[in-house]
Amino acid sequence: MKKAVIYTRTAVPNSASNKKQEELCLQFARNNGYEVVLVYTDNGFSGMNAHRPSFRKLMDSRKSKGWDVIIVSDCSRFFRKPRSFVRYMKVLRRAGKGLISVKDGELSSLPLPRMDF
């Protein structure tokens, strides 16, 4: 069974929204054979930058063998800026990790454009 972590985020403090995202991701994980090992939550942080405490912890944990894939409710929870989204997808790929959006599907296998950072 593949191991997953869940990441939830809201821009305005609204724990009810994070809880709803988490429930959606947990249901997806159960239905698709993923064991959820940890949930990362940022409450009241914009998806436009990486200065989110739980996002940083999540990205720092990418080198661990404790999980295989991140599950988010939709890709905007991970990152809103396309350039940054691509950058962090490349970071995950180099670490052998995947990203799945409940709404948008498997994002790990999407072709990523070449962007100069």
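These lines cover the structure that appears in this document, whether it is placed above or below.

### Some details on the nonpolar core
- Formed by 18 residues in total, the largest nonpolar core has its most connected members in Phe55, Ile70, Phe78, Leu92 and Leu99.
- Elements that contribute at least two residues to this core include exactly strand 1 (2-10), helix 2 (53-60), strand 3 (69-72) and helix 4 (82-94).
- Among the elements that make up this core, the one with the highest residue count is helix 4 (five residues).
- Membership of the second largest hydrophobic core comes to nine residues, among which are Ala4, Cys25, Phe28 and Ala29.

### Remarks on the pairing of strand 1
- The buried count for strand 1 comes to seven of nine residues, which makes it a mostly enclosed element.
- Here nine bridges tie strand 1 to strand 2 (residues 34-43), and the two strands are oriented parallel to one another. Bridge pairing in strand 2 places Lys3 opposite Glu35.
- In this fold, strand 1 hands off to helix 1 (residues 15-31), which returns the chain to strand 2; that crossover is right-handed.

### Things to note about helix 1
- Over its 17 residues, helix 1 runs 24 Å from end to end, which matches the ideal 24 Å to within 8%, given 1.5 Å per residue.
- The secondary structure elements touched by the buried residues of helix 1 are strand 1, strand 2, strand 3, helix 3 (75-78) and strand 4 (98-101).
- Once helix 1 finishes, Gly33 follows within two positions and takes phi at roughly 75°, a positive value.

### With respect to the packing of aromatic side chains
- As enumerated under the stated definition, the model contains seven aromatic pairs in all.
- Ring plane angle 80° and centroid distance 5.5 Å describe the contact between Phe55 and Phe79, whose orientation is recorded as edge-to-face. Of this pair, Phe55 sits in helix 2 while Phe79 sits in the loop between helix 3 and helix 4, placing them 24 residues apart in sequence. Each member of the pair, Phe55 together with Phe79, is buried.
- For the ring pair Phe78 and Phe85, a centre distance of 5.8 Å and an interplane angle of 90° mean the geometry is edge-to-face.
- Judged by relative accessible area, Phe85 falls into the buried class, the value being 13%.
- Taken together, the ring pairs connect Tyr7, Phe55, Phe78, Phe79, Phe85 and Tyr88 into an aromatic cluster.
- The cationic tip of Arg52 hangs over the ring face of Phe55; the distance from NZ or CZ to the ring centre is 4.2 Å.
- Of note, Arg52 hangs over the ring of Phe79, and the distance from its end group to the ring centre comes to 4.8 Å.

Conventions adopted
Residues numbered from 1 in each chain as written. Predicted model: local features only at pLDDT ≥ 70, side-chain atom pairs only at ≥ 80, totals over all residues. Heavy atoms only, no water. Core = buried A, V, L, I, M, F, W, Y, C linked by side-chain atoms within 4.5 Å. Buried < 20%, exposed > 50% of the residue type's maximum accessible area, 1.4 Å probe, protein only. Helix = DSSP H or I, 4+ residues; strand = E, 2+ residues; numbered from the N terminus. Pairing = 2+ DSSP bridges. Right-handed = clockwise from strand over helix to strand, strands pointing away. Expected span 1.5 Å × (residues − 1). Contact = heavy atoms within 4.5 Å. Phe/Tyr/Trp six-rings, centres within 6.5 Å; stacked < 30°, edge-to-face > 60°. Lys NZ or Arg CZ within 6 Å of the ring centre and 35° of its normal.

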